[in-house]
Amino acid sequence: MLNCRHQWRSPLIFFYSCIMGLLISSSVLAQSIEVAILSTSGPQKSSFLRHAKSFEAQYPGSEVTLSFYSDADFKKSIVKWLSQGSGPDILTWQGGPRLYQYVRKNQVKDLSRLWSEHGLDASFSEGAIGAISLNNKRYAIPTSYYQWGFITDSPFSMN
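Residues numbered from 1 in each chain as written. Predicted model: local features only at pLDDT ≥ 70, side-chain atom pairs only at ≥ 80, totals over all residues. Heavy atoms only, no water.

A. Broad picture of the overall build of the chain. In terms of regular secondary structure, the chain is built from six helices and five strands. Its helices and strands in sequence order give the chain the pattern α-β-α-β-α-β-α-α-α-β-β, from N to C terminus. Considering the chain as a whole, with its 159 residues, one finds that 39% of them fall into the buried category. Here the analysis covers contacts within the chain between residues at least 6 apart in sequence; of these, 64% occur between residues at least 24 apart. Accessible area for the chain stands at about 10100 Å²; split by element, carbon and sulfur atoms hold 53% of it. (Helix = DSSP H or I, 4+ residues; strand = E, 2+ residues; numbered from the N terminus. Buried < 20%, exposed > 50% of the residue type's maximum accessible area, 1.4 Å probe, protein only. Contact = heavy atoms within 4.5 Å. Areas by Shrake-Rupley, 256 points an atom, 1.4 Å probe, with all protein chains shown as cover.)

Shown next, in the form of structure tokens:
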């Protein structure tokens, strides 16, 4: 059994250790794993690259290929990848309705077994779990929270 819980230092480490470890330790030994990432910043890209190298060190013989895409290019490509069943092994994507559209088409794998085996419900908030779950099944592992908030340019006081 893959033990991910001791490595829970950041969502990215957890993501790579669990998901890629699952792929490598599966019945079909994965030597090369391709990951498509919707990335918007240099620091985010650097973090993914650093964690991929760490993963390769943890699983000798593995090779992680990271492909970074702009928002527009990724959104065009994900439709093709999932509808054709080709493309990267792992994708970053948004939870909620944007994930559910692909789940309903059976284009995203159920990760409930992974969640159960590693007790992941204890590691995430109810809101985060809700965003990646449909019909009581888990389809992703959150790697970040996308913060939205109210802003104003109004002169009134919030007191």
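Don't stop here, the text continues.
B. Structural context of the pattern of salt bridges. What the rule picks out here adds up to three salt bridges. For Asp71, the salt bridge goes to Lys75, with nearest N and O atoms at 3.2 Å. Here the residue Asp71 and the residue Lys75 both occupy positions in helix α3 (residues 71-84), the gap between them amounting to four residues, near one helical turn. Two residues, Glu117 and Arg113, come together in a salt bridge whose shortest N-O distance is 3.0 Å. Of this pair, Glu117 and Arg113 both sit in helix α5 (residues 112-117), separated by four residues, roughly a single helical turn. (Salt bridge = Lys/Arg side-chain N within 4 Å of Asp/Glu carboxyl O.)

C. Just the nonpolar core, in detail. Counting residues in each nonpolar core, the largest one holds 22 residues, and the members touching the most others are Leu99, Trp115 and Phe124. Taken together, the elements giving at least two residues each to this core come down to β1 (32-38), α3, α4 (97-103), α5 and α6 (126-131). Ignoring any residue separated from it by four or fewer positions in sequence, one finds Leu99 in contact with Trp93, Gln94, Val108, Ala131, Ile132, Tyr139 and Ala140. The next biggest cluster of nonpolar side chains, apart from the first, holds 10 residues, and it includes Val35, Ile37, Tyr59 and Val64. (Core = buried A, V, L, I, M, F, W, Y, C linked by side-chain atoms within 4.5 Å.)

D. Expanded view of the packing of aromatic side chains. Throughout the structure, instances matching the rule amount to seven aromatic pairs. Aromatic side chains Phe48 and Phe68 sit 6.4 Å apart centroid to centroid with 70° between the ring planes, which places their arrangement in the edge-to-face category. Residue Phe48 is located in helix α2 (residues 42-58), and its partner Phe68 is located in strand β2 (residues 63-69); the two are separated by 20 residues in the primary sequence. Overall, Phe68 belongs to the partly exposed group, its relative accessible area being 24%. Relative to Trp81, the ring of Phe74 has its centre 5.6 Å away and its plane inclined at 80°; by these criteria the two rings are edge-to-face. The exposure class assigned to Trp81 is buried, which follows from its relative accessible area of 9%. A connected cluster of aromatic rings, assembled from ring pairs, spans Tyr69, Phe74, Trp81, Trp93 and Tyr102. (Phe/Tyr/Trp six-rings, centres within 6.5 Å; stacked < 30°, edge-to-face > 60°.)

By themselves, these are just geometric observations and shouldn't be taken as functional.
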